[in-house]
Amino acid sequence: KSGGDVTVAFNAANEEAVNAFIHGRISFLSIFDVTEEVLSGWQRNRVTNVEDIMVADTKARFLATDIIKKVQFKIIKNKRVNKCQKRKIKLRKME
């Protein structure tokens, strides 16, 4: 519905998110989150030539990569918290 370079942004963000999922950096459900976040802040531009497409693709991939790093950090942080919680539970059981 939006037109312009939004479809380019959607495709690029989705490809980056799927690639991150395949390589185990984000969860399957995070694919949607990454794509949605890129598109939610996207400023639509008209596409008049191939260069416009390339610029939109590059920008969307950059934004998606940045979001993936943040999501990845949250996943790592949550795993560390879960490990610490499990250790505390084990220690309590041992007491």
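This text follows the structure it describes.
Described in the following lines is the structure provided in the data block. Owing to the predicted nature of the structure, the values given are computational and were not obtained by experimental measurement.

### Regarding the side chain of D57
Thinking step 1. Along the chain, D57 falls in helix 3 (residues 50-94).
Thinking step 2. Under the relative-accessibility criterion, D57 is labelled buried at 18%.
Thinking step 3. Among all residues touching D57, those that are not within four sequence positions of it are V8 and A12.

### Brief notes about helix 1 (residues 6-22)
Thinking step 1. Taking 1.5 Å of rise per residue, 17 residues should cover 24 Å, and helix 1 covers 24 Å from first to last C-alpha, within 8% of that figure.
Thinking step 2. Taken as a whole, helix 1 has its buried residues at V6, V8, A9, A12, A13, E16, A17 and A20. The arc that holds every buried residue of helix 1, seen down its axis, measures 160°, which confines them to one face. Away from the buried face of helix 1 by more than 90 degrees, exposed residues T7 and I22 are located.
Thinking step 3. Once helix 1 ends, the next one or two residues include G24, with phi positive near 75°.

### As for the nonpolar core
Thinking step 1. Formed by 18 residues in total, the largest nonpolar core has its most connected members in I26, V34, V38, W42 and A60.
Thinking step 2. Where this core is concerned, the elements lending two or more residues are helix 1, helix 2 (30-40) and helix 3.

### Some words on the packing of aromatic side chains
Thinking step 1. Scanning all chains against the criterion turns up one aromatic pair.
Thinking step 2. Taking 5.6 Å as the distance between ring centres and 70° as the angle between the ring planes, the aromatic pair formed by F21 and F28 counts as edge-to-face.
Thinking step 3. Among the residues examined, F21 registers a relative accessible area of 33% and is labelled partly exposed.
Thinking step 4. Lying over the aromatic face of W42, K59 brings its terminal NZ or CZ to 4.8 Å of the ring centre.

### With respect to the pattern of salt bridges
Thinking step 1. What the rule picks out here adds up to four salt bridges.
Thinking step 2. Across the pair E15 and R61 runs a salt bridge, and its minimum N-O distance is 2.4 Å. Of this pair, E15 sits in helix 1 while R61 sits in helix 3; the two residues are 46 residues apart in sequence, bridging distant segments of the chain.
Thinking step 3. Owing to a relative accessible area of 22%, R61 belongs among the partly exposed residues under this scheme.
Thinking step 4. A salt bridge links D57 to R61, with the nearest nitrogen and oxygen atoms 2.8 Å apart.

### A word on helix 2
Thinking step 1. What helix 2 keeps buried is the set S30, I31, V34, T35 and V38. The buried residues of helix 2 occupy an angular sector of 140° when projected down its axis, which confines them to one face. Opposite the buried face of helix 2, by more than 90 degrees, sit the exposed residues F32 and S40.

Rules used throughout
- Residues numbered from 1 in each chain as written.
- Predicted model: local features only at pLDDT ≥ 70, side-chain atom pairs only at ≥ 80, totals over all residues.
- Heavy atoms only, no water.
- Helix = DSSP H or I, 4+ residues; strand = E, 2+ residues; numbered from the N terminus.
- Buried < 20%, exposed > 50% of the residue type's maximum accessible area, 1.4 Å probe, protein only.
- Contact = heavy atoms within 4.5 Å.
- Expected span 1.5 Å × (residues − 1).
- Arc of directions from axis to C-beta.
- Core = buried A, V, L, I, M, F, W, Y, C linked by side-chain atoms within 4.5 Å.
- Phe/Tyr/Trp six-rings, centres within 6.5 Å; stacked < 30°, edge-to-face > 60°.
- Lys NZ or Arg CZ within 6 Å of the ring centre and 35° of its normal.
- Salt bridge = Lys/Arg side-chain N within 4 Å of Asp/Glu carboxyl O.

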